[in-house]
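Summary of structural features
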Amino acid sequence: MAKGKLYVISGPSGAGKGTICKKVLEADDNIRFSVSMTTRNPRKGEKEAVDYFFVSKEAFEKLLSEGGLLEHNLYVNNYYGTPRKQVIQWLEEGHDVILEIDYHGAFQVRESYPEAILVFILPPSVEELKARIIGRGSESEEIMNKRLEEAMNDLAQADKYDYRVVNENLDAAVAEVQQIMMIEKSKEA
Ligand code: ADP
Ligand code: 5GP
């Protein structure tokens, strides 16, 4: 069986990555989502092992020192990383795998796994991005401001990605990501 393809989805916080990935995954049961590990606290409604593996700083650093992470980053005072083992296993089993990670992680993945396909999700405007972050209502004002600051750095990385998708209309953005996956699949033939 052919190996699966590794997709990296990035974009500023609030661009809609999570919402888009959820719909892409619901529509194709061959695709797997890599659950990241983080030291940040769960948001209301977030579930352990579904949204993230929520771990202590010590546990994160231990796995990191053992080489158990495909990539990692420190973002607004917390660690985030991709557990390596599960991703490699799924790819070998022929599943396509999505990593929803930031650009620091994306470029680490590109280095260690050059076949990875990097997709950047853009908000229609900075104003709309702010509105979405505020609308999500899950962070304090201080953290929200830091996230907005980071978002500006994130946006500057978009042109280094293989594909860019503007998430204005959600269904259209989902269709565009699905089309990218079809294009990449057709390259095999
Ligand atoms: P990210 O995972 O990139 O941080 P989310 O998926 O959490 O972003 O989306 C941020 C907020 O924007 C959520 O409240 C989500 O429901 C909303 N959202 C996502 N896509 C759209 C869209 N196309 N139009 C309007 N709101 C959207
Ligand atoms: P959030 O706290 O909003 O869930 O995520 C904050 C940022 O960390 C987002 O830009 C998100 O894409 C990124 N992120 C989530 N998981 C990972 C990961 O495993 N690795 C890296 N490098 N970034 C991640």
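Residues numbered from 1 in each chain as written. Chains lettered and ligands numbered in written order. Predicted model: local features only at pLDDT ≥ 70, side-chain atom pairs only at ≥ 80, totals over all residues. Heavy atoms only, no water.

1. Here's the deal with the packing of helix α5 (residues 126-136) against helix α6 (residues 141-155)
At a minimum axis separation of 11 Å, α5 and α6 run at an interaxial angle of 145 degrees. Here α5 and α6 pass one another in a crossing that is right-handed. Here α5 contributes Val126, Leu129, Lys130, Ile133, Ile134 and Arg136 to the contact with α6, which in turn contributes Met144, Arg147, Leu148, Ala151, Met152 and Leu155. Of the residues contributing to the contact of α5 with α6, the split by class is nine nonpolar, no polar and three charged. (Axes fitted to C-alpha atoms, helices over the stretch in contact; angles between N-to-C directions. Helix = DSSP H or I, 4+ residues; strand = E, 2+ residues; numbered from the N terminus. Left-handed = near helix turned anticlockwise from the far one by under 90°. Contact = heavy atoms within 4.5 Å. Nonpolar A, V, L, I, M, F, W, Y, C, P; charged D, E, K, R; others polar.)

2. Here we look at the site of ligand 2
Around ligand 2, the structure places 16 residues, and the nearest of them are Ser36, Arg40, Tyr52, Tyr80 and Arg147. Between ligand 2 and the protein, one listed contact pairs an oxygen atom with a side-chain N or O atom of Ser36 at 2.7 Å. Here an oxygen atom of ligand 2 and a side-chain polar atom of Arg43 are 2.8 Å apart. Isolated, ligand 2 exposes 510 Å² of accessible area, and the fraction of that covered by the protein chains is 96%. Of all the elements in the fold, those that place two or more residues in the shell around ligand 2 are β5 (69-75) and β6 (78-83). (Near = heavy atom within 4 Å. Polar contact = N/O pair within 3.5 Å; in protein donor to acceptor, adjacent residues only side chain to side chain. Areas by Shrake-Rupley, 256 points an atom, 1.4 Å probe, with all protein chains shown as cover.)

3. Section: the nonpolar core
Considering soluble globular proteins, one finds that nonpolar side chains tend to be buried as a cluster. Of all hydrophobic cores here, the largest spans 23 residues; its most connected members are Val24, Ile98, Val119, Ile121 and Val177. Contributing elements (two or more residues each) for this core: β1 (6-10), α1 (17-27), β8 (117-122), α5, α6, β9 (163-166) and α7 (170-186). If you tally residues by element for this core, the top one is α7, at five residues. Once residues within four sequence positions are removed from consideration, Val119 is found in contact with Val8, Ile9, Ser10, Tyr161, Tyr163, Val165 and Ile180. The next biggest cluster of nonpolar side chains, apart from the first, holds 19 residues, and it includes Val87, Leu91, Ile101 and Tyr103. (Core = buried A, V, L, I, M, F, W, Y, C linked by side-chain atoms within 4.5 Å. Buried < 20%, exposed > 50% of the residue type's maximum accessible area, 1.4 Å probe, protein only.)

4. A short note on the sheet that holds β1
Hydrogen bonds between backbone groups are what pair the strands of a sheet, and the pairing can be parallel or antiparallel. The five strands lie next to each other as β2-β7-β1-β8-β9, forming an open sheet whose pairing is parallel. With partners counted over all chains shown, the strands left at the sheet margins are β2 (31-33) and β9, one partner each. Within the sheet, the average angular offset between the axes of one strand and its neighbour, ignoring direction, is 25 degrees. Here β1 runs beside β8; their pairing, made up of four bridges, is parallel. Bridged to Ser10 within β8 is Phe120. Packing of helix α4 (residues 103-112) onto the sheet brings it into contact with β1, β7 (96-100) and β8, and relative to β1 it is tilted by some 160 degrees. (Pairing = 2+ DSSP bridges.)

5. Digging into the site of ligand 1
In the neighbourhood of ligand 1, 14 residues make up the surrounding shell, with Gly14, Lys17, Thr19, Arg136 and Asn167 lying closest. In the model, an oxygen atom of ligand 1 is placed 3.3 Å from a nitrogen or oxygen of the Ala15 main chain. At 3.3 Å from a nitrogen atom of ligand 1 is found a side-chain nitrogen or oxygen belonging to Arg132. If ligand 1 stood free it would expose 560 Å²; the protein chains cover 72% of that surface. When residues in the shell around ligand 1 are grouped by element, the largest group, three residues, is from α1.

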